[in-house]
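A structural walkthrough
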Amino acid sequence: MTLHEMKSPRTEANRTALHAGARCWKYGDRMTAATRGRQSVRSDPTRSTDIRSACLRIRCQLCWYSTHYSSTSCTELASGGGSMPNIHRERVARWAERTLAEQRQLTPEQRRFLAGLLTVRGWHVLVDSGSPMPDRIAAYALGRTGVFALVFADTLPSSADVLKIRGEAERTFARLVVGGAQFVPHSVDVVLLMPRGARATSDGRYLVADEAGFVETLTRREKRMRAERVSELAATAAEKLPTHRCLCADDAPEAETIDAGGLFDQADLREEARSAALARPFSDWMTFLDPDQVSLVHATFTGPARFSGPAGTGKSVVALQRMAHFAKRNPGRLLFTTFVKSLPAYHERGFAQIAPHAGGRAEFTGLHAWAMAFLDRRGVVFRLNDKAVDAAFATSWQGARGVLGRVEGTDHGYWQDEINRVIKGRGITDLESYKRVQRVGREGISLRSTRREFVWNHWYQPYQEVLDARRAHDFNDVISLAVDELRARPLDSTEAYAMVVVDEVQDFTLRQLQLVHQIAGGGPDAQLLLVGDGQQQVYAGGCTLSEAGIPLAGGRGRVLRTNYRNREAVLRYSQRIEAGNTVDDLDGGAGVILRDSDPTLPDGRAADVHVPRRDIDGLLPRALRDAHLPPGAEIAVIVNWPSEVTRYLRVLRRAGFKAVSLENYDGSQVEAVKVGTVRRAKGMDFAAVFHITEEPPTDLDALSGGARDRAEMLARQLLVATSRARDYLWVAYLSD
């Protein structure tokens, strides 16, 4: 039974639209409702909608269905077959040639380019009816690997023409909404189609392909969209482009004889679209964003900018998309850096999917690693020595322990942080400056002038003297050396970055903020994007951007508020955590806390247990099995201390689970259970999180001094850990 003859138990309106759709697509007919409607739906005014729109959407549903079974045509699916003989491929090639022969505005060579793509299932080509020009888009190609603006050219375009072409492509796909999400227009890639033998290469702003390599250039990339999303996007774009002919590879002969009964149940399609939208894998965030997020990607800033907001609001995704948008419009190198050393590799993988041809220009690295490589390149001598640092702390503690060890609510680690986060983290070099500084986040322990003098003379100075005697440096020294070197000799044209993005900035020290500002140029017009959330601070101490000399004038600070990561049950659990009812926006202003976020995803599961410490080794593997998570779900076990990582890796492997440390995780080891500390999990998210911790006190107001500082830090760590979960959360509170 052919497409024109098939019967359906659906309504007459559906059958009418289906027949009209078959005719429109087979003959390239673009008749509007005014014409087709008079012929097909004369008697019912409720059906006098735009039939062309209905045809587009029905055709694209057929395309999705065929593509979903990518190795089996619809005819073969019905008959139980699954092969495509060579003669069938020839029929498809001839069909593509005949279809494109109608496009008289194209030369034979240009038609051959596009014909190759129309032999690949699932691809849609929107061909402009106007004559191709070197500064004009001749066609758009849409497939699972992305959206491509095709330009026929004999030579490389000028920078002005590249911007003109990109502007045309982005305007075409701007504000296109599919499944409740907005397409990200800068994700369109410009492809220059050039004669064979042309000496040209891609430069990140555009791709270059000749006839022999064109199809492979588009189809061999990583898949970024689901097949149904491609079809919906093609239909929506076709409605916006009345001067374009929309061709679909699945209109080839093998897809014409199918039984479509049951395919077009509207309730089924709506439910399928709803479920797909709620799933929203990371690949969707490469090409579809919330409209508020898109506006931040495209916003123009004349200097440093800051994105803040609670966990799960998409800050890092927006930052990566902004990098990709910048890379496609501007030359120059890009830098993504952060204090969390495991995060750059994780985000580098995501950026490679968003902007694969800009990867050679983008550097993803931890800030300490960048500073050490920079100092080596500049010939600045430093001797990072962990053993010398440990010895310096031990020696200094011997003389200070009698006094500092008796300060209630503190321990050796607290006083180490006083040196690392306050004194050296702020670059303080004299006692008077130390006496005046505000110890942000450490106010629970009051250090009066005389006590600060003791800390300086009997704790910090002996520590530094041991390092000096051994000619050794700590990480704070490396950061300060890099700042001083950049101020004396800024990055030259071979070293400079056109854009610098800094993630998890809430945990940066003052000197680290000064360093990233200098890397970006150090001026008021530096292209520096700072991303963070004050409520997720898991390191003691802090500072504002203005203290570091980073200006945010002119509304360059933006706040994201909507939670896109956590399903409702997970978000509600995290919102109950008393992790500070007020936070700043990283520059002294009022911020937004997780409790103020609204869920966009329903359902989810969240549970907690109270368990004796001695029982957790047996309980954890059982909890993973009892969760009944789907195959391939990304799972993380998050703990508070590095020593616990080794322990639970051993527990899981002994129970038969594949497990990997977050220290070695780059986003590609999907099947293994990831195990790591809260600090290593920052900036990441997982389908399921199993968090092992101690329950923080619920009444922080009843605490004072160091006990309050510690309770607030534990609560923030709990919030960070639980908010990493998208669908499933399990928390074990340990007791002795």
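This is a predicted model, so every value here is computed, not measured.

Calculation notes
- Every residue gets a number counted from 1 within its own chain, in the order that chain's sequence is written.
- With pLDDT at 70 or above as the cut-off, local features in this predicted model cover only qualifying residues; side-chain atom pairs require 80 or more to be listed or tallied, and sums for whole chains, interfaces and linings still use all residues.
- The side-chain quantities take in all heavy atoms of the structure and omit both hydrogens and water.
- Secondary structure counts use DSSP, requiring at least four H or I residues in a row for a helix and at least two E residues in a row for a strand, with both numbered from the N terminus.
- Buried means the residue's accessible area, taken with a 1.4 Å probe over protein chains only, is under 20% of the maximum for its type, while exposed means over 50%, and partly exposed covers the values in between.
- Two N or O atoms count as a polar contact when they lie within 3.5 Å, although within protein this holds only if one can serve as hydrogen donor and the other as acceptor, and sequence-adjacent residues are included solely when both atoms are side-chain atoms.
- Any two strands with at least two DSSP bridges between them are considered paired.
- Axes here refer to lines fitted to C-alpha atoms; in helices the fit is confined to the stretch in contact. Angles between the N-to-C directions go from 0 to 180 degrees.
- To pair, rings of Phe, Tyr and Trp, with the six-membered ring standing in for Trp, must have centres within 6.5 Å; the planes then decide the type, stacked if under 30 degrees apart, edge-to-face if over 60, and tilted in the middle.
- Any Lys NZ or Arg CZ found within 6 Å of a ring centre and within 35 degrees of that ring's normal is scored as a charge over the ring.
- As used in this record, nonpolar core signifies buried Ala, Val, Leu, Ile, Met, Phe, Trp, Tyr and Cys residues forming a set joined through side-chain atoms within 4.5 Å.
- Contacts are assigned to residue pairs that have any heavy atoms within 4.5 Å of one another.
- Note on terminology: angles under 35 degrees are roughly parallel, angles over 145 are roughly antiparallel, angles of 65 to 115 are roughly perpendicular, and the others are oblique.
- If you view the pair so one helix is near and one far, a crossing is left-handed when the near helix is turned anticlockwise from the far one by less than a right angle, and right-handed when it is turned clockwise.
- Expected helix span is taken as 1.5 Å per residue step, with the number of steps being one fewer than the number of residues.

Bringing the side chain of Gln 506 into the picture now. Its location among the elements puts Gln 506 in the loop between strand E13 (497-503) and helix H21 (510-519). Here Gln 506 falls in the buried class, since its relative accessible area comes to 7%. A polar contact of 2.7 Å, which involves the side chain of Gln 506, links it to the side chain of Glu 504. Within polar-contact distance, the side chain of Gln 506 engages the backbone nitrogen of Asp 533 at 3.0 Å.

Moving on, we come to the sheet that holds E13. Pairing within the open sheet is parallel, and its six strands lie in the order E12-E11-E13-E14-E10-E15. Looking at the sheet topology across the chains shown, the edges are occupied by strand E12 (362-366) and strand E15 (557-559). Averaged over all adjacent pairs, the angle separating strand axes in this sheet is 15°, with direction ignored. Alignment of strand E10 (residues 305-308) against strand E14 (residues 528-532), held across four bridges, turns out to be parallel. Directly across from Ala 305, in E14, lies its bridge partner Leu 529.

Any two aromatic rings considered together are summarised by their centre-to-centre distance and by the angle between their planes. Counted according to the given criterion, the structure contains 20 aromatic pairs. Ring centres of Phe 690 and Trp 730 lie 5.7 Å apart, and the angle between their planes is 50°; this geometry places the pair in the tilted category. Taken together, the residues Phe 690 in strand E22 (residues 686-693) and Trp 730 in strand E23 (residues 725-735) connect sequence positions 40 residues apart. Both residues of the pair, Phe 690 and Trp 730, count as buried. Of note, Arg 421 hangs over the ring of Phe 339, and the distance from its end group to the ring centre comes to 5.8 Å. The residue whose ring lies beneath Arg 452 is Tyr 434, and the NZ or CZ to ring-centre distance is 5.7 Å.

This part covers the nonpolar core. Grouped together as the largest cluster of nonpolar side chains are 34 residues, with contacts concentrated most on Trp 370, Leu 515 and Ile 519. Among the secondary structure elements, those contributing two or more residues to this core are helix H15 (367-378), helix H20 (475-488), E13, H21 and E14. Excluding residues within four positions of it along the chain, Ile 519 makes contact with Leu 335, Leu 367, Trp 370, Leu 486, Leu 491, Tyr 497 and Val 500. Formed by 31 residues, the second largest nonpolar core is a distinct cluster that contains Val 151, Val 162, Leu 192 and Tyr 206.

It is worth spelling out the sheet that holds strand E20 (residues 659-661) at this point. In spatial order, the strands read E18-E23-E22-E19-E21-E20; together these six strands make up an open sheet with parallel pairing. Lying at the two open borders of the sheet, with one neighbouring strand each, are strand E18 (605-612) and E20. Neighbouring strand axes in the sheet, compared pairwise and without regard to direction, differ in orientation by 20° on average. The sheet contact formed by E20 and strand E21 (residues 673-677) spans three bridges and is parallel. Note that in E21 the partner of Val 660 across the bridge is Lys 674. Across the sheet, helix H24 (residues 642-654) lies against strand E19 (635-639), E20, E21, E22 and E23, angled at about 160° from E21, the strand it touches most.

The contact between helix H16 (residues 386-404) and helix H17 (residues 412-423) brings their axes to 11 Å, and the two run at 115°. With respect to H17, the element H16 is oriented roughly perpendicular. Every pair of crossing elements has a handedness; the one defined by H16 and H17 is right-handed. Residues Phe 393, Trp 397 and Leu 404 of H16 form the contact with H17, whose own contacting residues are His 412, Trp 415, Gln 416, Ile 419 and Asn 420.

What follows concerns helix H13 (residues 315-329). Think of an α-helix as 3.6 residues a turn; residues three or four steps apart then line up on the same face. For H13, with 15 residues, the first-to-last C-alpha span of 21 Å sits near the 21 Å given by 1.5 Å per residue. Most of H13 sits out of view: 14 of its 15 residues are buried.

Time to look at the pairing of strand E1 (residues 124-128). In terms of burial, E1 is a largely internal element, five of the five residues being buried. Burial of E1 is two-sided: the residues His 124, Leu 126 and Asp 128 facing one way and the residues Val 125 and Val 127 facing the other way are all buried. One ladder, built from five bridges, connects E1 with strand E8 (residues 244-248); its direction is antiparallel. Bridge pairing in E8 links Val 125 to Leu 247.

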